[in-house]
Amino acid sequence: MLQFRLRTRCTEYVVSLLPDGSGLATDYWGEPTAAPIVPTWEGATPPAFQHAYDALPLEYASAGQRHSAFSELLIDREESLTGAAWTAEIDAIEFLTTDDGDLLDVPFTDETGSLRLTLHLSTRRDHDVVRRRMSLRNEGPGTVWLPRALTAAWNVLPSRSVAIHYLAGRWGQETQRRTTNLEWGVFSIGSRQGITSHAFAPTVTVVPLPEEDGGAVTGAWGVALEWSGNWRLRVDSDPMGQRGVRVSCGVDDDTTTIMLEPGQVFTAPDSVGAFSPDGPEGVSAVWHEYQRGELARDLSPRTRPVVYNSWFATSFDVRLDHQLALAQRAHDLGVEVFVLDDGWFRGRTSSHAGLGDWEPDLAKFPHGLGELGDAVKDLGMRFGLWIEPEMVNPDSDLFRAHPDWVYRAGDRPLLTGRNQYVLDLGRAEVEEWVAATLRSVLSSAEIGYLKWDMNRTITDGGRPGDPHGREWSVAHTEAYYRLMRVIRDEFPDVVVEACAGGGGRVDNRVLALSDVVWVSDEVGPRDRLAIQHGYLSAYPAHTMLGLVCDIPGLRTPGDVSFAYRFAVCMTGVLGIGGDLLSWSDEELATAAGWVERYKGIRGAVLDGTVAVHGEPHDHRYVVEFRSNEADGRIVLFVFANDRDATGLQTGLRPLIHPGLLRDDTVYRVAETGQLVDRASARAAGVEVPFAMGIDVDVLVLTPLPAALGGSAGS
Ligand code: DGJ
């Protein structure tokens, strides 16, 4: 038997080759065990009306190998043979185990000898994520088409009935936490918008429902797809009860057909999986650790500076003197980067014109951007710029010169979104032009920060006449990644903010190529808190940029204090977006104090372990960080939604229960002097003086050396 046991830091993932070598089966995914693991295929008999491979937990299945169950891979060939049957190239299997992790590559050849499928799995010892990928090479003389070519299937073995935790939403209301139960059938989410989308995040967490097994199976399994174009993720609960629950994911098959000419290879995007015995919160912690340790280039304030962004204060009304005045005030507040958003380039007085013409508008900046850039630099801040390089307005010199560069569905009328077209990045000349534009913009002034925006769905994808036209979403996404890498590789000092009309393109791949993310255009504090609550379940605080603005929420406009608005943004990467010229001297002085306060605690926020308590609209909602720095501090953000601006408190005692306290440690609350340990915090909570604001407070708990411990609660 060929069985492979891959170890993460605290979990184990076990697969084996089927005895006839025709596929890999998942044998185990959970806490490590010293015991031998019986392969799932041993002694398995298929139920009536099912063939063996339809009932086995295959790591990756293709039509031809399976017959009635869902398959991740569909293949059409010229001679109309569909699907494939596989045989492993046993001598070419690679299984490498080192102190850093494990790597398994299993190649298979199809029955015609013309296709080579490689399944790739890897783990690392410093986190609990398993990485999966597949690639398919056409080694035959004819062309093949892949109407579906997903990345992987994850078999969550033990259970059939599960609760699925996922993130859903829309523009201005991204990443809302949702849960649905699945017993028999399919749950499917995805995007056909050409970007990851505001509607769903490409990740689910699956938790067995106790009804089926009396709660014998505990823990949670998370799956994420690392892809920013059209995608599909489906959770399949097998009605025959044989395979348990299977999560398949990859490039969306409705909108994509891959064409493989002789010699060509398709490599599907990566998918990652996480098991935690501690339920969905445990899975979030695994994701965060992986995102901090493997995806982020670093967690320092250098790549996550305090930002001022001009958009919400000035919109398209960009004037040099006004920007200079804002920059001066931003500097006085302690801001580290001043970002000039939309509206700075030629012809851009509204959303109707200018995209594509990426030179400073001389009517607004007669001497170019250098004047503002230098002034910002002289103030001791870095200068940042907004760009939307995938887009063009019909009213632009770029479109007049290259009307053929945009996506078009044959002769159908072109569709605009926000008055703009999308450039077809799948064309080499367009990608080259965007790369040249990025180089020229980033060299035009001393720019230390770039916000890359994307403000519409791709609707006319496809390139009639091009046989590879049905791969437009893959081609676009891969070009986007290459272009993001141009910035990373050639301008490593530039901090990159990813944005797509807020959180329209957020996924692990984007997090690996950017530093921070503009998670939503919703800046109203209460609604923002709900968005951030969901965001933090899948993505880390060190990427979560928030701007303190003056605008009430779109959905929950209710009044909150100035302090509450700040605290919401302090739970991630703090930024400011309000019209600073309209802030009073008192507000400016207070804000400067909070920026200073944030700088004192941001190590714990950016590199800490986060837990949330309650729901954002509960009477008390707490976001808690435990610093992973040597000081081991705990920072608590307490939001009190039962205290209004008049100071009336309608409900609970001002107490909360921090969950991240270490077992044997006594902490001192800096703001009150209270001593707490885990037992006293559970029993009585932590006193919240509400010193920062009537409805919010930030508390810092410092562990006392054992000798100074004293008795908790005193
Ligand atoms: C959408 C972004 O989400 C906003 O922050 C802002 O940059 C505008 N685009 C500018 O057009």
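Look up: the structure comes first, before these words.
First, a word on what this report is: a plain description of the structure on this page. (Residues numbered from 1 in each chain as written. Predicted model: local features only at pLDDT ≥ 70, side-chain atom pairs only at ≥ 80, totals over all residues. Heavy atoms only, no water.)

Focus on the overall build of the protein chain
- A count of helical and extended segments in the protein chain gives 14 helices and 38 strands.
- Over its C-alpha atoms the protein chain spans a radius of gyration of 27 Å, differing by no more than 12% from the 27 Å that the globule rule assigns to 714 residues.
- Its C-alpha atoms give the protein chain principal-axis dimensions of about 75 × 75 × 40 Å.
- Taking all 714 residues of the protein chain together, the buried fraction comes to 61%.
- Taking as baseline every contact in the protein chain between residues at least 6 positions apart, the subset at least 24 positions apart corresponds to 69%.
- With an accessible surface of roughly 25,600 Å², the protein chain has 51% of that area assigned to carbon and sulfur atoms. (Helix = DSSP H or I, 4+ residues; strand = E, 2+ residues; numbered from the N terminus. Rg over C-alpha atoms; globule rule 2.2 N^0.38 Å. Buried < 20%, exposed > 50% of the residue type's maximum accessible area, 1.4 Å probe, protein only. Contact = heavy atoms within 4.5 Å. Areas by Shrake-Rupley, 256 points an atom, 1.4 Å probe, with all protein chains shown as cover.)

Quick word on empty space enclosed by the protein
- Using the criterion set out here, one finds 8 cavities of 30 Å³ or more in the structure.
- Volume-wise, the largest cavity comes out at about 110 Å³.
- Around the largest cavity, the lining is made up of 16 residues, and of these Glu174, Thr175, Ser197, Gly503 and Val506 lie nearest the centre.
- Those elements giving two or more residues to the lining of the largest cavity turn out to be β11 (162–168) and β14 (200–208).
- Along the lines of polarity and charge, the residues of the lining of the largest cavity split into 9 nonpolar, 6 polar and 1 charged. (1 Å grid on protein atoms, 1.4 Å probe; cavity = no way out; pocket = protein on both sides within 12 Å on 5 of 7 lines; lining within 4 Å. Points joined across faces, edges and corners; volume = space filled by probe spheres on them. Nonpolar A, V, L, I, M, F, W, Y, C, P; charged D, E, K, R; others polar.)

Concerning the site of the ligand
- Taken together, 13 residues lie near the ligand, and Asp341, Asp342, Lys451, Asp453 and Asp521 sit nearest.
- At 2.7 Å from a nitrogen atom of the ligand is found a side-chain nitrogen or oxygen belonging to Asp453.
- Bound to the protein, the ligand loses 98% of the 290 Å² it would expose on its own.
- In the shell around the ligand, the residues fall into 4 nonpolar, 3 polar and 6 charged. (Near = heavy atom within 4 Å. Polar contact = N/O pair within 3.5 Å; in protein donor to acceptor, adjacent residues only side chain to side chain.)

Notes on the side chain of Asp128
- With respect to the helices, strands and loops of the structure, Asp128 is situated in the loop between β8 (115–124) and β9 (129–138).
- Buried charge without a partner: Asp128 forms no salt bridge, and the closest opposite charge is Arg9, 4.2 Å away.
- One polar contact links Asp128 to Thr8, side chain to side chain, over a distance of 2.6 Å.
- Leaving out residues up to four positions away in the same chain, Asp128 has contacts with Thr8, Arg9, Cys10, Thr11, Gly273, Ala274, Phe275 and Val286. (Lys, Arg positive; Asp, Glu negative; His and termini not counted. Salt bridge = Lys/Arg side-chain N within 4 Å of Asp/Glu carboxyl O.)

Points about the packing of helix α12 (residues 562–570) against helix α13 (residues 585–607)
- Direction vectors running N to C along α12 and α13 enclose 25 degrees, while the axes themselves pass 10 Å from each other. In terms of their interaxial angle, α12 and α13 are classed as roughly parallel. Remark: the crossing between α12 and α13 carries right-handed chirality. Across from Phe562, Ala563, Phe566 and Met570 in α12, the residues of α13 making contact are Glu587, Ala591, Trp594, Val595, Arg597, Tyr598, Ile601 and Val605.
- Considering only residue class, the contact of α12 with α13 consists of 10 nonpolar, no polar and 2 charged. (Axes fitted to C-alpha atoms, helices over the stretch in contact; angles between N-to-C directions. Parallel < 35°, antiparallel > 145°, perpendicular 65-115°, else oblique. Left-handed = near helix turned anticlockwise from the far one by under 90°.)

Shape descriptors only; they carry no functional weight alone.
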